[in-house]
Amino acid sequence: MLAELVDAVVGVDIHRDTHQVEIALPNGAPIAVTTISNDTSGFAELLAWIVDHAPGPRLAMSIEGTRSYGIGLARARRMRPA
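Just so we're clear, the structure is a prediction, and the values are computed from it rather than from any experiment.

1. Observations regarding the pattern of salt bridges
One pass over the structure, following the stated rule, counts two salt bridges. For D7, the salt bridge is made with R58, and the minimal N-O distance between the two is 3.0 Å. Of this pair, D7 sits in the segment before β1 (8-14) while R58 sits in the loop between α1 (40-53) and β4 (59-63); the two residues are 51 residues apart in sequence, bridging distant segments of the chain. Overall, R58 belongs to the partly exposed group, its relative accessible area being 36%. We note a salt bridge from R16 to D17, for which the minimum N-O separation is 2.9 Å. A residue is classified by how much of its surface remains accessible, and R16, at 55% relative accessible area, is exposed.

2. As for the sheet that holds strand β3 (residues 30-37)
Taken together, the four strands give an open sheet; going across it, the order is β3-β2-β1-β4, and neighbouring strands pair in mixed fashion. Every interior strand has two partners, whereas the edge strands, β3 and β4, have only one. Strand-to-strand, the axes of this sheet are offset by a mean angle of 15°, without reference to chain direction. With seven bridges joining them, strand β2 (residues 18-24) and β3 adopt antiparallel strand pairing. Directly across from H19, in β3, lies its bridge partner I36. Sheet strands in contact with α1 are β1, β2, β3 and β4, and its direction is about 165° off that of β3.

3. Regarding the environment of P55
In this structure, P55 sits in the loop between α1 and β4. On a C-alpha basis, the gap between P55 and L25 in space is 8.4 Å, while along the polypeptide they are 30 residues apart. Sequence-distant contacts of P55, that is, excluding residues within four places in its chain, are made with D7, A8, L25 and I31.

Rules and cut-offs
- Residues numbered from 1 in each chain as written.
- Predicted model: local features only at pLDDT ≥ 70, side-chain atom pairs only at ≥ 80, totals over all residues.
- Heavy atoms only, no water.
- Salt bridge = Lys/Arg side-chain N within 4 Å of Asp/Glu carboxyl O.
- Helix = DSSP H or I, 4+ residues; strand = E, 2+ residues; numbered from the N terminus.
- Buried < 20%, exposed > 50% of the residue type's maximum accessible area, 1.4 Å probe, protein only.
- Pairing = 2+ DSSP bridges.
- Axes fitted to C-alpha atoms, helices over the stretch in contact; angles between N-to-C directions.
- Contact = heavy atoms within 4.5 Å.

Structure follows, in structure tokens:
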């Protein structure tokens, strides 16, 4: 069961200029929502925001469109684990 493996799930809906992000418990209950800019400073802001809002260190992260507008965030996430 997912709840036994992770503390939270981070979902990212990507767009050209911004990304919508939600942290949810494994059962789907939302914890926090934010919007970040689709650039290097937005990616750094997001990673810090996740650390501040996640209920624990075990996270699953899903990024939509990692071959288009989401590629920068996917690369930033790979370079610096949350």
